[in-house]
Every structure is written in structure tokens, then in C-alpha cells.
Amino acid sequence: MTAPLAGVRIIEVGVMLAGPYATMMLADLGAEVLKVEPLGGEISRQVGDSYFASLNRGKRSICLDLASGDGKAKLAELVADSHALLVNMKPSVIRRLGLTYEALRQFNPQIVCVAMTGFGLDGGDDPAFDYVIQAATGVAAMTGDPDGPPTLPGYSSADNSTGLTAALGLLAMIVAGRGGQVDVSLRDVMLSQLNYRAAAYLNDGAEPRRYPFGAHSYYVPAQLFPTADGYLALFVTHDGFWRSFANEAKIDGFATMAERAARRDEVLSVVTAALATDTALGWEARLKPLGIPAAAVRTLPEALADTPQAVVGAGDFRLVGSPIRIAGYAPDYRPPPALDERSAAQSSS
């Protein structure tokens, strides 16, 4: 099957994670991604080879000094023959380097320009790294034990989420068949992802609160539970799940969602006692055949070992492959580019 994005040409002026992740997802789907790097290479190359590979497989690299006349002229040539340009930098830098639709439309009126920033193209240059955004948007405040400090997840959720959102905006404009500016900010993406929490506050005045073991604000029981060995994530939403779980765990009562929510502490007490009689893996094996959402808490190495099909080869690197499965199409996972390999290849031809 022809790659879904075969023939789509994208220029990436990406830094670290959010921008490169967006274009890597598109490269996995067959887009031709040219990564424009400064003369010394994009800074994430300094983090480590595996880090760089995890965000830049399947791309080509070209080094340009975008502040110079020669660099700007070369970028104009690339824009004339591309469908989109994606950049993640401070707004002032994006404008100074001429990486907006307003600046580039003269070379290609159909170019789609995607700007990924902390607070929007008109939102200023305040520092906006992933953890800062999680703190600024309320994510950290609603995460963690209620008696402990605010907590951040163990990965870059704001950067990754913004990358996916930017890729969606880019594709939407290409499908629309017109050039223009797409403006995606980390702040807006994370506020959007707090959808039902924000709606509960805006419409019902319900401020988010933290519950022990990451418990859900609506559903009971839906949280982590200690067991005889390890922790179990149990997510009981509707009454059918509860009936099946209660029968297996030998628990009586609490038949309706409303009753379980109203008697949260009682429910959690009896469920915790029941789950203490077996291990997390034991409960997972018992509950999954019943259709009950439950999983033992695993480490990342354990999760990867349990999911070997998620790991792909890209040159010398083993990486997690694309999460998008398209019938009849298998991504061509190529290694990350050597620095300025496109220029080297042109020079030798």
C-alpha cells in the first residue's frame, strides 16, 4: 500500500521534543520530512543518540544559518517546493527568522506554516518548557497524593500532546487545500486536555481536588489499589462492571454508580480489603476475562517486555513504533539523519 502521506513534503525547524515529535509522526505515515538544523546541529543531538533517534527517525537533515542571506535564500527554495513548514521556538525568534506564513507566502502561497509556542504567536516569549506548562495550567496541582506536594508525570506529556495537536492542524490545512498560519501553544493544548475538569468548574463550580492513589473524581472505585504484591489499577465505571467485580471479590451492596459515589470511603475500604487477598498480577488474570478494566502496575521495562510488537528497528536503534495502525501499510522505519546529510548527498552527486 502506498504510504498515506506519500508525496507530502514538510520542512521542520524543530527543537528538542514537541516539534520533532510532530513531524516524526508524519514521517512514519510517509511524509518526506526535511529537518533544518543550525550549523552545529539541533540541541537534542547533545542529549544522546537514542534521545535524538526517538524523535527524528525517518527524516533528512540539512544545516542552514537562517539568520544569513544564504540561509534565507535556501529556505525560500525549499518552501517553494514544500507543503508545510513546522517550527517550535519563541515567537520573537520565529518572526525574526521569517518562519511565518506572512513572510513565506511570497515563495509559495499554498505553504502551511505551523508555529508551536508556549503561549501562542502573540503570547510573548516567557519560557515555556513542558514542566512549566504543567504547573501553569493546573495539571501539577491536581496530580499526586492530597497530603503530598503537586506532582508531575514521568514523561513530557505537554510536549507530546502539543506535537500531536500540531500535526493534526497541519494535516487539516493540507486537506483544506490552502496555505495559511496554524498557531498551536502548549498552554492551550493542556487546558484543552483538561476538558471535563474544566467544564465541571466552569459550569458547576466544582474545583478539582486530589484523591489518594489517583482516584477518579466521578467513578468509584477507579484508582490504584495496593494488593498482596504490587499495585492494581481498577477502573469501574458502570454498574455492570461493578456487579462482575463484586461477585469475583465477594463484596455485597453498592449496586449503583450514585450509591458508590455517595459512599466513596466505604466502597474503597471494602475494595481495598478484598484486593489485599491476592497479588496485582493475580487480580489482573482474574478480572480481565470478566471484561473488567484492570491492570497490574508495571515498570516501563516490564511493559515493553509484554508488548514486543510495539518495538521496531530503525537502523541501529530499537524504538517504539508509530501508534497509528493502517490496514495494508507498514511504515518504513529509517534511522535518524546524520547531520547535514542532504547537503553531503547533493555534493557527492
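Please read these numbers as outputs of a predicted model, since none were measured by experiment.

Reading the values: rules and limits
Residues numbered from 1 in each chain as written. Predicted model: local features only at pLDDT ≥ 70, side-chain atom pairs only at ≥ 80, totals over all residues. Heavy atoms only, no water. Core = buried A, V, L, I, M, F, W, Y, C linked by side-chain atoms within 4.5 Å. Buried < 20%, exposed > 50% of the residue type's maximum accessible area, 1.4 Å probe, protein only. Helix = DSSP H or I, 4+ residues; strand = E, 2+ residues; numbered from the N terminus. Contact = heavy atoms within 4.5 Å. Expected span 1.5 Å × (residues − 1). Arc of directions from axis to C-beta. 1 Å grid on protein atoms, 1.4 Å probe; cavity = no way out; pocket = protein on both sides within 12 Å on 5 of 7 lines; lining within 4 Å. Points joined across faces, edges and corners; volume = space filled by probe spheres on them. Nonpolar A, V, L, I, M, F, W, Y, C, P; charged D, E, K, R; others polar. Phe/Tyr/Trp six-rings, centres within 6.5 Å; stacked < 30°, edge-to-face > 60°. Lys NZ or Arg CZ within 6 Å of the ring centre and 35° of its normal.

**A few points about the nonpolar core**
In terms of nonpolar packing, the biggest core is built from 23 residues, with Leu232, Leu234, Trp242, Phe245, Ile251, Val271 and Leu287 touching the most fellow members. Looking at this core, the elements with two or more residues in it are strand 8 (231–235), helix 10 (239–249), helix 12 (264–275), helix 13 (280–287) and strand 9 (294–296). When sequence neighbours within four positions are dropped, the list of residues in contact with Val271 reads Pro221, Phe225, Leu234, Trp242, Phe245 and Ile251.

**Considerations on helix 3 (residues 69–80)**
With twelve residues, helix 3 extends 17 Å between its outermost C-alpha atoms, agreeing within 8% with the 16 Å of an ideal straight helix rising 1.5 Å per residue. Residues of helix 3 that are buried include every one of Gly71, Leu75, Ala76, Leu78 and Val79, and no others. When helix 3 is viewed along its axis, its buried side chains cluster within an angular range of 165 degrees and face the same direction. Facing away from the buried side of helix 3 by more than 90 degrees, the exposed set consists of Gly69, Asp70 and Glu77.

**So, the layout of surface pockets**
The calculated volume of the largest pocket comes to roughly 780 Å³. As for the largest pocket, its lining consists of 23 residues, of which Tyr21, Ser54, Asn160, Leu300 and Val320 are closest to the centre. Breaking the lining of the largest pocket down by element, the ones donating at least two residues are helix 1 (18–28), helix 2 (49–56), helix 7 (157–176), helix 14 (300–306) and strand 11 (317–320). Residue composition of the lining of the largest pocket, by class: 16 nonpolar, five polar and two charged.

**Quick word on the packing of aromatic side chains**
For any two aromatic rings, the description comes down to two numbers: the centre-to-centre distance and the angle of the planes. Applying the stated criterion across every chain yields a total of six aromatic pairs. Seen in terms of ring centroids, Phe213 and Tyr231 are 6.3 Å apart; in terms of plane orientation they differ by 40 degrees. Their pairing is tilted. Note that Phe213 is positioned in the loop between helix 9 (195–204) and strand 7 (222–226) and Tyr231 in strand 8, a separation of 18 residues in sequence. Plain terms: the ring middles of Trp242 and Phe254 are 6.3 Å apart, the flat faces sit at 80 degrees to each other, and that makes the pair edge-to-face. Here Phe254 lies in the loop between helix 10 and helix 11 (257–262) and Trp242 lies in helix 10, a separation of twelve residues in the sequence. No difference in accessibility class separates Trp242 from Phe254, as the two residues are buried. Across the ring face of Tyr211, the terminal group of Arg264 is positioned such that the distance to the ring centre comes to 4.0 Å. The residue whose ring lies beneath Arg286 is Trp283, and the NZ or CZ to ring-centre distance is 3.9 Å.

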